[in-house]
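What follows is each chain in one-letter form.
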Amino acid sequence: MAHAAPHHDYHLVDPSPYPLVASIAVTVMMVGAVAWMKGVFGLEEGTSWLFFAGLAGVLYSAFGWWADVIKESRNGDHTPVVSIGLRYGMVLFIASEVMFFAAFFWMFFEMAVFNEARAHIPEVSNWADTAAAWSTWPPKGIEVLDPWQLPLLNTVILLLSGTTVTWAHHALQVGDRNGAKMGLIITVVLGVLFTAVQVYEYQHILHENLFFNEEAANSGLYGSIFFMATGFHGFHVLLGTIFLAVCLLRLLAGQMTPQKHFGFEAAAWYWHFVDVVWLFLFAFVYVTFG
């Protein structure tokens, strides 16, 4: 009866299998990743099927779970109070993502700013060679990228996409559905283009051995930090592109109105967050300490 006709501002969600299914799937995926890279529980290194089985479970859970949230919205369960809660949840999620990237920036800044301190580290085993390699930044033997080529191109792409997603959001608010569709289509295309440029950049780095080579022995930390920071950002761009593509499909299906479109609003917030993170990456990882 609590779910039949609520006379209050708080929606009581129906029992859902997705939290349990998602947690099991993530566990399977992570164990599968270890098995793929190192081998575990009798599975030989290079065994990939367990990882992809877990990934399929994660994607299934994500699709079903978010589809239920969309159904709740269309059924009128997202009252003004529930909508405020959703906004708080999205803000807190983005705040957690800020701290996630802060850890990578902290690591990069610590190595880049205080690199001279490595020369004062006592010589213990093979650590002396590693400390010597880290005493300069970028470490000796590392060939850095020119920030004014592909990185600048990707910066322009993301800044332009931030403009188009804002255009689409404003157009939807004022009832211009055609403008909203056009702005979203351009944003999704720009997101795909950014990912394509970054994949090409990674291929260039790996093919030319810019970060990992004989001259850069014991200097692998630079490449590790670079790929962790820019790679996770690229992963967020990919997720944001999917997020906006789903919003585009919902917009084409007539599921968003000027009064009710929080899904799109949350996607726009997320996209702007991705833009800001990239500006910091470009300014510090590519330019200042590159």
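Every value quoted in this text rests on a predicted model; they were computed, and no experiment measured them.

**Re the overall build of the chain**
Then comes step 1: Scanning the chain for helices and strands turns up eight helices and zero strands.
Then comes step 2: Listing every helix and strand of the chain by position from the N terminus yields α-α-α-α-α-α-α-α.
Then comes step 3: Of all 290 residues assigned to the chain, the portion counted as buried reaches 38%.
Then comes step 4: Just so you have it, the chain exposes about 16600 Å², and 69% of that area is on carbon and sulfur atoms.

**Remarks on the packing of aromatic side chains**
Centre distance and the angle of the planes are the two values used to describe a pair of aromatic rings.
Then comes step 1: On inspection of all chains with the given rule, the structure shows 27 aromatic pairs.
Then comes step 2: Ring geometry for Trp-278 and Tyr-286: centres 5.6 Å apart, planes at 55°, overall tilted. Each member of the pair, Trp-278 as well as Tyr-286, carries the same accessibility label: buried.
Then comes step 3: Through successive ring pairs, a cluster of aromatic residues spans Phe-93, Phe-100, Phe-101, Phe-104, Phe-232, Phe-243, Tyr-270 and Phe-273.

**Points about unusual backbone geometry**
Then comes step 1: Phi is positive for Phe-41, close to 55°, though the residue is something other than glycine.
Then comes step 2: Residue placement: Phe-41 occurs in the loop between helix H1 (18-37) and helix H2 (49-74).

**What to know about a negative patch on the surface**
Then comes step 1: The grouping of Glu-143, Glu-208, Glu-214 and Glu-215 at the surface amounts to a negative patch.
Then comes step 2: Residue position: Glu-214 is located in the loop between helix H6 (177-207) and helix H7 (220-252).
Then comes step 3: Classification of Glu-214 as exposed rests on a relative accessible area of 78%.

**So, the nonpolar core**
Then comes step 1: Of all hydrophobic cores here, the largest spans 53 residues; its most connected members are Leu-184, Phe-226, Leu-244 and Phe-264.
Then comes step 2: Of all the elements in the fold, those that place two or more residues in this core are helix H3 (80-113), helix H5 (150-173), H6, H7 and helix H8 (262-288).
Then comes step 3: The element that contributes the greatest number of residues to this core is H8, accounting for 15 residues.
Then comes step 4: Once residues lying within four places of it in the same chain are set aside, the contact partners of Phe-264 are Val-165, Ala-168, His-169, Leu-172, Leu-184, Leu-244, Cys-247 and Met-256.

**What to know about the confidence of the model for the chain**
Then comes step 1: Here the chain averages 85 in pLDDT, and 88% of its residues register 70 or above.
Then comes step 2: Ranking the helices and strands of the chain by mean pLDDT puts H5 first, with 94, and helix H4 (residues 127-133) last, with 64.

**Side note on the pattern of salt bridges**
Then comes step 1: Under the definition given, this model contains one salt bridge.
Then comes step 2: Two residues, Arg-87 and Glu-265, come together in a salt bridge whose shortest N-O distance is 2.9 Å. A residue pair is termed long-range when its members are at least 10 positions apart, and Arg-87 in helix H3 and Glu-265 in helix H8 qualify at 178 residues.
Then comes step 3: With relative accessibility at 15%, the residue Glu-265 sits in the buried group.

**Quick look at the packing of H1 against H2**
Then comes step 1: The interhelical angle for the contact between H1 and H2, taken along N-to-C directions, is 155°, at an axis separation of 7 Å. Looking at the two axes, H1 sits roughly antiparallel to H2. Considering the relative orientation of H1 and H2, their crossing is left-handed. On H2, the residues that touch Tyr-18, Pro-19, Val-21, Ala-22, Ala-25, Val-26, Val-28, Met-29, Val-31, Gly-32, Ala-33 and Trp-36 of H1 are Leu-50, Phe-51, Phe-52, Gly-54, Leu-55, Gly-57, Val-58, Tyr-60, Ser-61, Gly-64, Trp-65 and Asp-68.

**As for the side chain of His-233**
Then comes step 1: With respect to the helices, strands and loops of the structure, His-233 is situated in helix H7.
Then comes step 2: Relative accessible area serves as the criterion here: at 1%, His-233 is assigned to the buried category.
Then comes step 3: Apart from residues lying up to four places away in sequence, His-233 is in contact with Phe-101, Leu-158, Phe-194, Val-274, Val-277, Trp-278 and Leu-281.

**Some details on the side chain of His-236**
Then comes step 1: Of note, His-236 is situated in helix H7.
Then comes step 2: On the basis of relative accessibility, which here comes to 5%, the residue His-236 falls in the buried class.
Then comes step 3: From its side chain, His-236 meets the backbone oxygen of Phe-232 in a polar contact 2.6 Å long.
Then comes step 4: Sequence-distant contacts of His-236, defined by excluding residues within four places in its chain, comprise Glu-97, Phe-100, Phe-101, Tyr-270, Phe-273 and Val-274.

Rules behind the numbers
- Residues numbered from 1 in each chain as written.
- Predicted model: local features only at pLDDT ≥ 70, side-chain atom pairs only at ≥ 80, totals over all residues.
- Heavy atoms only, no water.
- Helix = DSSP H or I, 4+ residues; strand = E, 2+ residues; numbered from the N terminus.
- Buried < 20%, exposed > 50% of the residue type's maximum accessible area, 1.4 Å probe, protein only.
- Areas by Shrake-Rupley, 256 points an atom, 1.4 Å probe, with all protein chains shown as cover.
- Phe/Tyr/Trp six-rings, centres within 6.5 Å; stacked < 30°, edge-to-face > 60°.
- Patch = residues over 30% accessible without salt bridge, like charges linked within 9 Å, V, L, I, M, F, W, Y side chains within 5 Å.
- Salt bridge = Lys/Arg side-chain N within 4 Å of Asp/Glu carboxyl O.
- Lys, Arg positive; Asp, Glu negative; His and termini not counted.
- Charge placed at Lys NZ, Arg CZ, Asp CG, Glu CD.
- Core = buried A, V, L, I, M, F, W, Y, C linked by side-chain atoms within 4.5 Å.
- Contact = heavy atoms within 4.5 Å.
- pLDDT = per-residue confidence, 0-100.
- Axes fitted to C-alpha atoms, helices over the stretch in contact; angles between N-to-C directions.
- Parallel < 35°, antiparallel > 145°, perpendicular 65-115°, else oblique.
- Left-handed = near helix turned anticlockwise from the far one by under 90°.
- Polar contact = N/O pair within 3.5 Å; in protein donor to acceptor, adjacent residues only side chain to side chain.

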